[in-house]
Every structure is written in structure tokens, then in C-alpha cells.
Amino acid sequence: MSMQPFLDAIQSGASGDEIANLPIPESYRAAHVLRSEQTMWDGVASEDKDPRKSLHIGEVPTPELAPDEVYLAVMASSINFNTVWTSIFEPLPTFGFLDRLGRESKWGARHAQDFHVVGSDASGVVVRVGSAVRNWKPGDRVVLHCNHVDDQDPSAHNDSMLAANQRIWGFETNYGGLAELSVVKANQLMPKPSHLTWEESAVTGLCGSTSYRMLVGDHAGRMKQGDSVFIWGATGGIGAYATQLVLNGGGVPVGVVSSESRVKLLQAMGCENVIDRREENYRFWADEHTQDEGEWRRLGKKVRSLIGDDPDIVFEHPGRQTMGASVFITKRGGTIVTCAATSGYMIEYDNRHLWMKLKSIVSSHFANYQEAWEMNRLIDRGVIQPVMSEVFPLDQTGEAALKVHRNQGEGKLAVLCLSPEAGMGVSDAEKRDRIGEDRITLYQRHARGEL
Ligand code: NAP
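Residues numbered from 1 in each chain as written. Predicted model: local features only at pLDDT ≥ 70, side-chain atom pairs only at ≥ 80, totals over all residues. Heavy atoms only, no water.

## A short note on the overall build of the protein chain
Here comes step 1: When its secondary structure is counted, the protein chain shows 18 helices and 20 strands.
Here comes step 2: Its C-alpha atoms give the protein chain principal-axis dimensions of roughly 65 × 50 × 40 Å.
Here comes step 3: Here the protein chain holds 451 residues, and 58% of them are scored as buried.
Here comes step 4: On the protein chain, roughly 18500 Å² of surface is accessible, and the fraction owed to carbon and sulfur atoms is 47%.
Here comes step 5: Looking at charge distribution, the protein chain has the averaged site of its 46 positive side-chain charges lying 5 Å from that of its 59 negative ones. (Helix = DSSP H or I, 4+ residues; strand = E, 2+ residues; numbered from the N terminus. Buried < 20%, exposed > 50% of the residue type's maximum accessible area, 1.4 Å probe, protein only. Areas by Shrake-Rupley, 256 points an atom, 1.4 Å probe, with all protein chains shown as cover. Lys, Arg positive; Asp, Glu negative; His and termini not counted. Charge placed at Lys NZ, Arg CZ, Asp CG, Glu CD.)

Here's what the structure looks like:
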């Protein structure tokens, strides 16, 4: 394995200088899709597309390091829904993003390849820093956030998510985290929470930060104490962090899930108001073109029966299937905050319910560095837990992505990159004990049938 010397050095506690002196390999193992296969699913229904066939694990050439970047030895990463989107080439192949970045600059040109290394989360160890990097050094144990911005552009300086060239690393850029090595900008790095394993700390960056901006940061839902928040997919990747943020922020979550087992998990998280959408069998769409307001009302009544009121905020991401209902059930003056459209992006809702009741639809997308940092701080303090249920080896990235594609995984699925086994990387065992093994591993225990 070409990255083996780095793994040996990390495991033996080598110094930063020793790590910095190891040669960077010319190629490394990575999960990637191929430009030559980007039309392989033409005519195939979404649900029949199998990421195991399009995600390849193999060697890719190591790119040169830009002055504001670091090489990271990736110990663990995770599957995000964007890994699914890339692997099924929907809503469009990601090679167009790479080509656009490729035209931007000399350094951007490295990204326009016939392979796309995917993955927008990582935990690992810095092994080399570019000449302009100030705050990080070889040997630093880090986690990442995936907001990739060029901070020399003025548009990036009043909320970097508004930057003209803002991209999601590992989705709209190459050299993502599902690999043994990665190239990341120094302004994506954050300290790794010392009480977590490599894989636990690799599942918080993308989903946790997204939920933080949607609910807590200044730019979207701006939840306050006492707010009731209706959360679709409340044990899913972003939903499970949203549920915790609401509870931690003095709000009242109403969580929706689709199985008895997820109801149990949500209750174990401390969410008392739970709706099993499968049991309730909501049919918001009477047919492909017509929504059923009666079904929206039935959902609204259910929420009132649980919390005695309409929700102040609706945490929206399923999109087409649910948006009509989400707009309807939100409280007068309340907010629907949306970051996605898993079931379809051409949205329909009854605008009368929006304007007559002075509701707002607010968009949100990932998070800026500050927001990601604040979320990482909450995780480091042990008030928000990682929601990792299962761990896969890098070779089985496709299997893990298929599970997420089929809505069969709970919370987050982690992938071991260089880390040879699960359970490694904790550097403060006493802190872990203090926070509580049971709290940290709730999703893992649920996956093992122990709840
Ligand atoms: P996930 O782990 O698969 O969880 C999503 C959950 O939503 C599912 O577990 C499911 O829960 C629920 N759901 C799915 N389809 C639904 C439907 N038609 N109606 C009602 N509920 C439905 O995915 P995730 O990581 O949370 O991501 C969710 C979406 O957000 C994806 O589209 C992803 O691309 C997007 N996203 C966007 C950003 C951003 O920055 N803009 C960041 C992260 C994620 P139940 O079956 O239990 O109800």
C-alpha cells in the first residue's frame, strides 16, 4: 500500500517532522467514478441505478499541492447523499463541475480529470502543508468541512457560502475524502474531537454543519429557545443532527421517520414527538399532478395533537413529495427552511397558504467555515453526538452508497480509508468516559439491535 509508511508513522506516534519527511506517493487508492461511464445509466430508473457498478476503487495520480492546501492522510470518511448523486450521475454528471473548475486557474486545472474522486467528509492527519499555510502543520489531527472557496474573491467575504466560486469539495471538486490521501484547502480544516474515533469524527462535517446553518446560524432558520421544529427524516444524515440541535437549543422537535425501529431510535435520542409516516400512510399526491390538501390537513392535525400548535420551523429536504405539506403545516409567520429535494426539485405548493399566513421559505446550503467550526465545537464538547451506525472498508464504498440510496442506513455510514479497523483514533479516553460511551454510540448500538 503506497500510503503504508504514513499509517505506520501515525500509529507509532511519529512526530510532525518525521511525518513531513516521508515521501508523498505518486498515486493513491481512491473511490472514483469515470467520465467514460457517465452515460452508463441512460434510460435506467433512479432506483435501479447501483453505485457498486459505477464507484471504482483504484489508484489515481497524486495532484501537485497548491500553496494554500495540505495533503491529508485520510483515516476515515463517510457516505453523503452527494456521493449517491455522483455515482448515479444525477441530476447530472459531476464532470461538468470539474471542467468548469479546470478552466478557472492553473490550480483549478488539476481537477479536470477523467476520474472523479468522491467524498465530502474526512478525518485524518496533515502530512504536508503548502507554502501559504499558517495555522496547520504536519502531524495535526483534523476533521474537514467541505466548503471550498477562493478567498481572494470579494464575494467570499460576507458569508463565504455566497462566494461566486463556492463549491462542495469532493462533489464539485476532485480529490475528495473517500480515499487514502486527499488535497484540501487549509481553510477547510478543524481540530478533530479528541474523544471520537477516526470514523465517528468523519461523519459530522457535512451533515452536522448543514443542519447547524439551517437551524442555528444567522443565515437561515434562526431557531430560538422554545421553537417547535418539524423535522423530516429525523434519524437521517442531516435530520439526526437537526433533532439534536433542537433539543440542545431548548426547542421542541417533532420528528418524522418511516419505521418502528426508527421511532425507537428517535425516542432514545430524547425526541418525544414522533410521527411514523409509513404507519400514517400520508398520500400528499393524489396522482402525479395533483396534491391532496386533505392529506396536508391530516398531517397538520397530527402535529397539533402532539404539540398543541403548528411548528415554528419546518426542516425541509425531501422536496417534491413533501413541500406542499411542509408549507401548509408551518405556523403563521413561521419558516420553511430547505436545503435539498431528494424526491424531486420541481416543487409545488399552494402559495395562498404562504402569503396569507406570512410564512417564509428560506434556502440554505452547507455552511461557512465559522458555522462549521461552531458545529465542530459542539461535537468536541460532547453536547452533539456523531450519528454513525455502521462502518465499511474503502473497498465497499459502493455497498455503503447503495444502502444510502435505498434509504436503508440509519444516520451516517462511515468508511475506513487508512484506518485498518474501527475504534482507533481516540486521544482522550477520559473525556470519552465523561461524555458517555452509550451516548456517543447510540446509533451503533441501535444498528446492532441493542436498543
Ligand atoms: P439520508 O441520510 O438518506 O436521510 C434522509 C431521510 O429523509 C431519509 O432517511 C428518510 O427518512 C427521509 N426521506 C427520504 N425521502 C423522503 C420522502 N419522499 N418523504 C419524506 N421523507 C423522506 O440523507 P441526508 O444525508 O439526510 O440528506 C437528505 C437530503 O439533503 C439529500 O437530498 C442530500 O443531498 C441533501 N443535503 C443537502 C445539503 C446541502 O448542503 N444543501 C447537505 C446535506 C444533505 P424516513 O424514511 O425515516 O422518513
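From this point, the discussion proceeds with the structure in view.
## Considerations on the domain arrangement of the protein chain
Here comes step 1: Along its sequence, the protein chain is organised into domain 1 (4-204 + 386-447) and domain 2 (208-363).
Here comes step 2: A separation of 29 Å is found between the C-alpha centroids of domain 1 and domain 2.
Here comes step 3: Domain 1 puts 18 residues into the contact, and the matching count from domain 2 is 20 residues.
Here comes step 4: The junction of domain 1 with domain 2 conceals about 1400 Å² of combined surface from both sides, 51% of it contributed by carbon and sulfur atoms.
Here comes step 5: Connecting domain 1 to domain 2 are two salt bridges.
Here comes step 6: Here E410 ties to R262 by a salt bridge, and the two come within 2.7 Å at their closest N and O atoms.
Here comes step 7: Linking domain 1 to domain 2 there are nine residue pairs in polar contact (both at pLDDT 80 or more).
Here comes step 8: Every element with two or more residues in the side of domain 1 that touches domain 2 is listed here: α4 (81-87) and α18 (442-447).
Here comes step 9: Take the side of domain 1 that touches domain 2: its biggest share by element is three residues, from α18.
Here comes step 10: Its residues assigned to classes, the side of domain 1 that touches domain 2 comprises nine nonpolar, six polar and three charged. (Domains from an automatic or database assignment. Contact = heavy atoms within 4.5 Å. Buried area = accessible area lost by both parts, 1.4 Å probe. Salt bridge = Lys/Arg side-chain N within 4 Å of Asp/Glu carboxyl O. Polar contact = N/O pair within 3.5 Å; in protein donor to acceptor, adjacent residues only side chain to side chain. Nonpolar A, V, L, I, M, F, W, Y, C, P; charged D, E, K, R; others polar.)

## So, the sheet that holds strand β18 (residues 360-363)
Here comes step 1: Strands sit in the order β13-β12-β11-β16-β17-β18 across an open sheet of six strands; the sheet is parallel. The open sheet is flanked by β13 (273-276) and β18, the only strands paired with a single partner. Averaged over all neighbouring strand pairs, the angle between strand axes comes to 20°, with direction disregarded.
Here comes step 2: Two elements, strand β17 (residues 335-338) and β18, share four bridges in a ladder whose sense is parallel. Residue pairing in the sheet places T338 in a bridge with S363 of β18.
Here comes step 3: The strands that helix α9 (residues 260-268) touches are β12 (252-257) and β13; relative to β13, the one it contacts most, it runs at about 170°.
Here comes step 4: Running over the sheet, helix α11 (residues 293-307) touches β11 (228-231), β12 and β13 and is turned about 150° from β13. (Pairing = 2+ DSSP bridges. Axes fitted to C-alpha atoms, helices over the stretch in contact; angles between N-to-C directions.)

## Topic: the site of the ligand
Here comes step 1: Taken together, 26 residues form the shell around the ligand, and within it S258, R262, R277, T342 and F366 come nearest.
Here comes step 2: Within the side chain of R262, a nitrogen or oxygen atom sits 2.8 Å from an oxygen atom of the ligand.
Here comes step 3: Between R277 and the ligand, the recorded distance is 2.7 Å, taken from a side-chain N or O atom to an oxygen atom.
Here comes step 4: Coverage of the ligand by the protein chains reaches 89% of its 920 Å² of free accessible surface.
Here comes step 5: Mapped onto the shell around the ligand, the elements with two or more residues apiece are α4, α7 (205-215) and α8 (237-248).
Here comes step 6: A total of three residues in the shell around the ligand trace back to one element, the largest contributor, which is α7.
Here comes step 7: Residues that form the shell around the ligand fall into these classes: 11 nonpolar, 13 polar and two charged.
Here comes step 8: For the shell around the ligand, the two domains that each supply at least three residues are domain 1 (4-204 + 386-447) and domain 2 (208-363). (Near = heavy atom within 4 Å.)

## Focus on the pairing of strand β5 (residues 123-129)
Here comes step 1: Of all seven residues in β5, five are buried; the element is thus mostly enclosed.
Here comes step 2: Where strand β3 (residues 69-78) meets β5, six bridges bridge the pair, whose relative direction is antiparallel. Bridging across to β5, Y71 finds its partner in R128.
Here comes step 3: Pairing between β5 and strand β6 (residues 141-144): three bridges, direction antiparallel. By the bridge assignment, G124 is partnered in β6 with V142.

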